[in-house]
Amino acid sequence: MALGMARPISSLLLIFTFLVYLSSLAIPSHSSSHDFLFGGCTQQRYAPDSPYESNLNSLLTSLVNSATFSSYNNYTILGSSPQDVVYGLYQCRGDLSMPDCATCVARAVSQLGGMCAQTCGGALQLQGCYVKYDNTTFLGVEDKSVVLKKCGPSVGYDTDTMGLRDAVLAGLARTGGPYRVGGSGDVQGLAQCVGDLSVGECQDCLSEAIGRLKSDCGTADYGDMFLAKCYARYSTGGPRVYAKPHDKSTNEGEKTFAIIMGLLAGVALLIIFLIFVGKMVNE
Ligand SMILES: *[C@@H]1O[C@H](CO)[C@@H](O)[C@H](O)[C@H]1NC(C)=O
Ligand SMILES: *[C@@H]1O[C@H](CO)[C@@H](O)[C@H](O)[C@H]1NC(C)=O
């Protein structure tokens, strides 16, 4: 009997350990402001150990340093020859605190280093910040080309929700400033311009992004429209919260945790049943 009991208990322990390990993988430990949204690199490459490379390194260092005290900045690093000039900027989401902005930009720069190794230009958008550099200037140039469009599944003919969504988007379009948030019921909206746009250019860029969200995403339960110099996003459900970076991962983590606890309870019941059956057979 003692031997018969030892086996189910040790396998229960094994399964439990495995599930705890799984849950530690599934529950994200980082704030979602570091989550990757998109990135890209230019085709052209620079030579290793070239003046361009050292200019680029000093540009990226300047961006990371600046993000400790400002949510936007641009730099132009001049070289001894015109081919060595590097232009770059970063923009943190308006609600990020300075330490969070600096961490986000540092992370973006380090990811760019891996993704765009030795390319002349690169750009990366995380949830909380955007970083871009190139050897041709793009500073102060309004650019409304679509970089990332994502529409969620359709909520169908839920006119109430779509009415709220349209009202929230209209609110975003009306509110001034480079960072805009709005919400009504479960619907949330968020918009952000890159800081090199003028007030008028930012308004123009956001009008375009918001218009495209409505026309391209239709009745989707969420929509993300990232243009080259501004973006607008909305969500009609609870979990996709933009302004509070921790909520999304908490909700997903809680869901995962509930599923794992359910699994655990099922496994425990099964083991108890097997032990019970074993006892019955032994008697
Ligand atoms: C950028 O770099 C590429 C590759 O080195 C070069 O062909 C191009 O002319 C450069 N552009 C400028 C504006 O310097
Ligand atoms: C770039 O930064 C400089 C210095 O901070 C600022 O004067 C200039 O307006 C900025 N240019 C753009 C296009 O944002």
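So, here's what we can say about the structure. Quick caveat, the model's predicted, so the values are computed rather than measured. (Residues numbered from 1 in each chain as written. Chains lettered and ligands numbered in written order. Predicted model: local features only at pLDDT ≥ 70, side-chain atom pairs only at ≥ 80, totals over all residues. Heavy atoms only, no water.)

### Quick look at the site of ligand 2
Rule in force here: Nearness here has a simple test: a residue counts as near a molecule or strand if at least one of its heavy atoms is within 4 Å of that partner. Whenever two N or O atoms come within 3.5 Å, that pair is a polar contact, provided that in protein one can donate a hydrogen and the other can accept it, and provided that, for residues adjacent in sequence, both atoms are side-chain atoms. Exposure was quantified through the Shrake-Rupley algorithm and a 1.4 Å probe, taking into account, for residues, occlusion by the shown protein chains and nothing else. Asp, Glu, Lys and Arg are counted as charged, while Ala, Val, Leu, Ile, Met, Phe, Trp, Tyr, Cys and Pro are counted as nonpolar; the rest, among them Gly, fall into the polar class.
The environment of ligand 2 is formed by Y72, N73, N74, L139, G140 and D196. Take Y72: an N or O atom from its side chain is 2.6 Å from an oxygen atom of ligand 2. Between ligand 2 and N74 there is a distance of 2.4 Å, counted from an oxygen atom to a side-chain nitrogen or oxygen. Coverage of ligand 2 by the protein amounts to 41% of the 360 Å² it exposes when considered alone. Within the shell around ligand 2, the residues separate by chemical class into 2 nonpolar, 3 polar and 1 charged.

### Here we look at a nonpolar patch on the surface
As a reminder of what qualifies: Distance thresholds for patches are 9 Å for like charges and 5 Å for nonpolar side chains (Val, Leu, Ile, Met, Phe, Trp, Tyr), applied to residues having over 30% relative accessible area and no salt bridge. Salt bridges are defined by distance alone: a side-chain nitrogen of Lys or Arg within 4 Å of a carboxyl oxygen of Asp or Glu. To qualify as a helix, a DSSP run of H or I must reach at least 4 residues; to qualify as a strand, a run of E must reach at least 2; elements of each kind are numbered from the N terminus.
A cluster of nonpolar side chains, contributed by L270, F273, L274 and V277, occupies part of the molecular surface with about 370 Å² of accessible area. Considering the arrangement of structural elements, one finds L270 in helix α6 (residues 245-282).

### Quick word on the site of ligand 1
Within the structure, ligand 1 sits among Q44, R45, C120, N135 and T136. In the complex, 48% of the free accessible area of ligand 1, which totals 360 Å², lies under the protein chains. In the shell around ligand 1, the residues fall into 1 nonpolar, 3 polar and 1 charged.

### Thoughts on the nonpolar core
A general tendency of soluble globular proteins is for nonpolar side chains to be buried together. Note the following rule: We define a nonpolar core as any set of buried Ala, Val, Leu, Ile, Met, Phe, Trp, Tyr and Cys residues linked to one another through side-chain atoms lying within 4.5 Å. Partly exposed describes any residue whose relative accessible area lies between the buried limit of under 20% and the exposed limit of over 50%, with all areas from a 1.4 Å probe on protein chains only and scaled to the type maximum. Throughout, a residue-residue contact means that at least one pair of heavy atoms, one from each residue, lies within 4.5 Å.
Counting 26 residues, the largest nonpolar core has L56, L59, Y90, V105 and V131 as its most contacted members. For this core, the secondary-structure elements that each account for two or more residues are α2 (51-66), β3 (86-92), α3 (98-115), β4 (122-126) and β5 (129-134). At 7 residues, the largest contribution of residues to this core is made by α3. Look past the residues within four positions of L59 in its chain and what remains in contact with it is Y75, I77, V86, Y87, G88 and Y133. Counting 18 residues, the second largest nonpolar core, distinct from the first, contains A191, C202, C217 and L227.

### Focus on the packing of α2 against α3
Formally: Axis angles are defined between N-to-C directions and span 0 to 180 degrees, where every axis is a line fitted to C-alpha atoms and, for a helix, only to the segment in contact. Roughly parallel covers angles under 35 degrees, roughly antiparallel covers those over 145, roughly perpendicular covers 65 to 115, and oblique covers all other angles. Helix crossings are classified by the rotation of the near helix relative to the far one: an anticlockwise turn of less than a right angle makes the crossing left-handed, while a clockwise turn makes it right-handed.
Where α2 meets α3, the closest approach of the two axes is 8 Å, and the angle between their N-to-C directions is 160°. Taken as axis vectors, α2 and α3 run roughly antiparallel relative to one another. Note on packing geometry: the crossing formed by α2 with α3 is right-handed. Residue-level inspection shows L60, L63 and V64 of α2 in contact with α3, the latter providing V105, A106 and V109.

### Describing the sheet that holds strand β8 (residues 187-193)
Spelled out, the test is: When DSSP finds two or more bridges between two strands, those strands count as paired.
Pairing is antiparallel in the open sheet, where 5 strands are placed in the order β6-β9-β10-β8-β7. Two strands in the sheet have a free side with no partner beyond their single neighbour: β6 (146-151) and β7 (179-184). Mean inter-strand twist for the sheet, computed between neighbouring axes without regard to direction, equals 5°. As paired strands, β8 and strand β10 (residues 230-235) are joined by 6 bridges and run antiparallel to one another. Within the sheet, the bridge partner assigned to L190 lies in β10 and is R233. Sitting on the sheet, helix α4 (residues 159-174) touches β7, β8 and β10, and the angle it makes with β8 is about 25°. Of the strands in this sheet, β6, β7, β8, β9 (222-227) and β10 are in contact with helix α5 (residues 199-217), which crosses β9 at around 140°.

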